[in-house]
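As a plain string of letters, each chain reads:
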Amino acid sequence: MNNLDIHNIDKDKIIEKLSTMLKPNRLQHSINVANCAVKLSEIYSYDKDKAYLAGLVHDCAKYFTKDQVDFYVKKYNIKLDPLETNNIALSHSVIGSFVIQDVFNIQDMDIINAVRYHTTGRENMSTLEKIIFMADMIEEDRNFPGVDELRKLSFNGQLDKALITSLNNTIKFVIENNQLIHPRSVSARNYLMQENI
Ligand SMILES: [Fe+2]
Ligand SMILES: [Fe+2]
């Protein structure tokens, strides 16, 4: 199978395949993230086709069963960290970054990394990683306290500020709910803050 030509994708075919992997509301979320990522690409001068495709497939492993996770972990020798193990809410991004290579034949490293780090962020994120991280948060159906502030920052040229605000919100939420913080989210936040002083 040839690598997917990311500038000439058959959207309907990819959406049809995704519809067998995702629940209808998650498929709609994925389409919304793809469309939002295109809007952000216009603002931040990024390749719209790559942003659309990354948005579309970012959650493809969200509903994987334990057997499906085990299959991919074994096939690609994926190293899940202790927080990701048995936690699909965190691991679907890492697993998904291999699934998109396997199922959709996407071999573009920017897209692979944007999918891989969309839940936690990481130190020194690429433009596409930032676009997908924020599009996932602010797509049109998202509705949570503070989402309008994130939209305002994201659509007004303040992508890093949007990320810092979003990571702060997440870290505060995790602390208030007595949950573990993924160290990559802390690294992402600290890196962005140091870059933006
Ligand atoms: Fe996700
Ligand atoms: Fe998502």
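Our subject in this report is the structure included herewith. Remember, it's a predicted structure, so these values are computed and weren't measured experimentally.

### Here's the deal with the coordination of the iron ion (ligand 2)
And then number 1: The iron ion (ligand 2) binds to the protein through H29 (NE2), H58 (NE2), D59 (OD) and D136 (OD), with metal-donor distances spanning 2.2 Å.
And then number 2: Coordination geometry of the iron ion (ligand 2): the four donor atoms subtend angles of 80 to 173 degrees at the metal centre, consistent with an arrangement described as irregular.
And then number 3: Counting along the primary sequence, the residues that act as donors to the iron ion (ligand 2) give the motif H-x28-H-D-x76-D.
And then number 4: Separating the iron ion (ligand 2) from the iron ion (ligand 1) is a gap of 3.5 Å, bridged by D59, which donates to each. The residues H58 and D59 share a single accessibility class, namely buried.

### Details of unusual backbone geometry
And then number 1: If you check the backbone angles, N77 has positive phi at about 50 degrees while not being a glycine.
And then number 2: Look at N178: it is not a glycine, yet its phi comes out positive at around 55 degrees.
And then number 3: Counting through the fold element by element, N178 comes out in the loop between α9 (159-176) and α10 (183-195).

### Concerning the coordination of the iron ion (ligand 1)
And then number 1: Note on the iron ion (ligand 1): its protein donors are D59 (OD), H92 (NE2) and H118 (NE2). The metal-donor distances range over 2.0 to 2.1 Å.
And then number 2: Donor residues for the iron ion (ligand 1), ordered by position in the chain, follow D-x32-H-x25-H.

### Overview of the packing of aromatic side chains
And then number 1: Scanning all chains against the criterion turns up four aromatic pairs.
And then number 2: For the ring pair F71 and Y72, a centre distance of 5.1 Å and an interplane angle of 90 degrees mean the geometry is edge-to-face.
And then number 3: The class of F71 is partly exposed, set by a relative accessible area of 45%.
And then number 4: By relative accessible area, which is 7% here, Y72 ends up buried.
And then number 5: Taken together, the ring pairs in this structure connect F64, F71, Y72, Y76 and F98 into an aromatic cluster.
And then number 6: Directly above the aromatic system of Y52 lies the positively charged group of K11, at a separation of 4.4 Å from the ring centroid.

### Digging into the nonpolar core
And then number 1: Grouped together as the largest cluster of nonpolar side chains are 58 residues, with contacts concentrated most on L18, L56, V57, I100, F104 and M134.
And then number 2: Examining the composition of this core, we find that eight residues originate from one element, helix α2 (residues 24-43), more than from any other.
And then number 3: Residues within four places of F104 in sequence aside, it is in contact with L4, I14, K17, L18, M21, V57, C60 and V99.

Here is what the cut-offs are and how they apply
- By convention here, each chain's residues receive numbers from 1 onward along its written sequence.
- To read the labels, note that chains go from A and ligands from 1, taken in the order they are written.
- Local features in this predicted model are restricted to residues of pLDDT 70 or higher, and side-chain atom pairs are both shown and tallied only at a pLDDT of 80 or more, whereas totals for entire chains, interfaces and linings draw on every residue.
- Hydrogens are left out, water is left out, and the side-chain values use all remaining heavy atoms of the structure.
- A 2.8 Å cut-off from the metal defines N, O and S donors, relaxed to 3.2 Å for Na, K and Ca; water is not in the atom list, so some sites may appear incomplete.
- Geometry is assigned from the angles between donors: four donors with all angles from 85 to 135 degrees make a tetrahedral site, four or six donors whose opposite pairs exceed 155 degrees while the rest stay between 65 and 115 make square planar or octahedral sites respectively, and everything else is labelled irregular.
- Residue exposure (1.4 Å probe, protein chains only): buried if accessible area is under 20% of the type maximum, exposed if over 50%, otherwise partly exposed.
- The numbering of helices and of strands both runs from the N terminus, where a helix is a DSSP run of H or I of at least 4 residues and a strand a run of E of at least 2.
- Here is the rule: rings of Phe, Tyr and Trp (six-membered ring for Trp) pair when centre to centre is within 6.5 Å. Planes less than 30 degrees apart are stacked, more than 60 are edge-to-face, and the remainder are tilted.
- A ring has a charge above it when a Lys NZ or an Arg CZ is no more than 6 Å from the ring centre and no more than 35 degrees off the ring normal.
- Buried residues of nine kinds, namely Ala, Val, Leu, Ile, Met, Phe, Trp, Tyr and Cys, make up a nonpolar core once their side-chain atoms join them within 4.5 Å.
- Note on contacts: a residue pair is in contact if any heavy atoms of the two residues lie within 4.5 Å.

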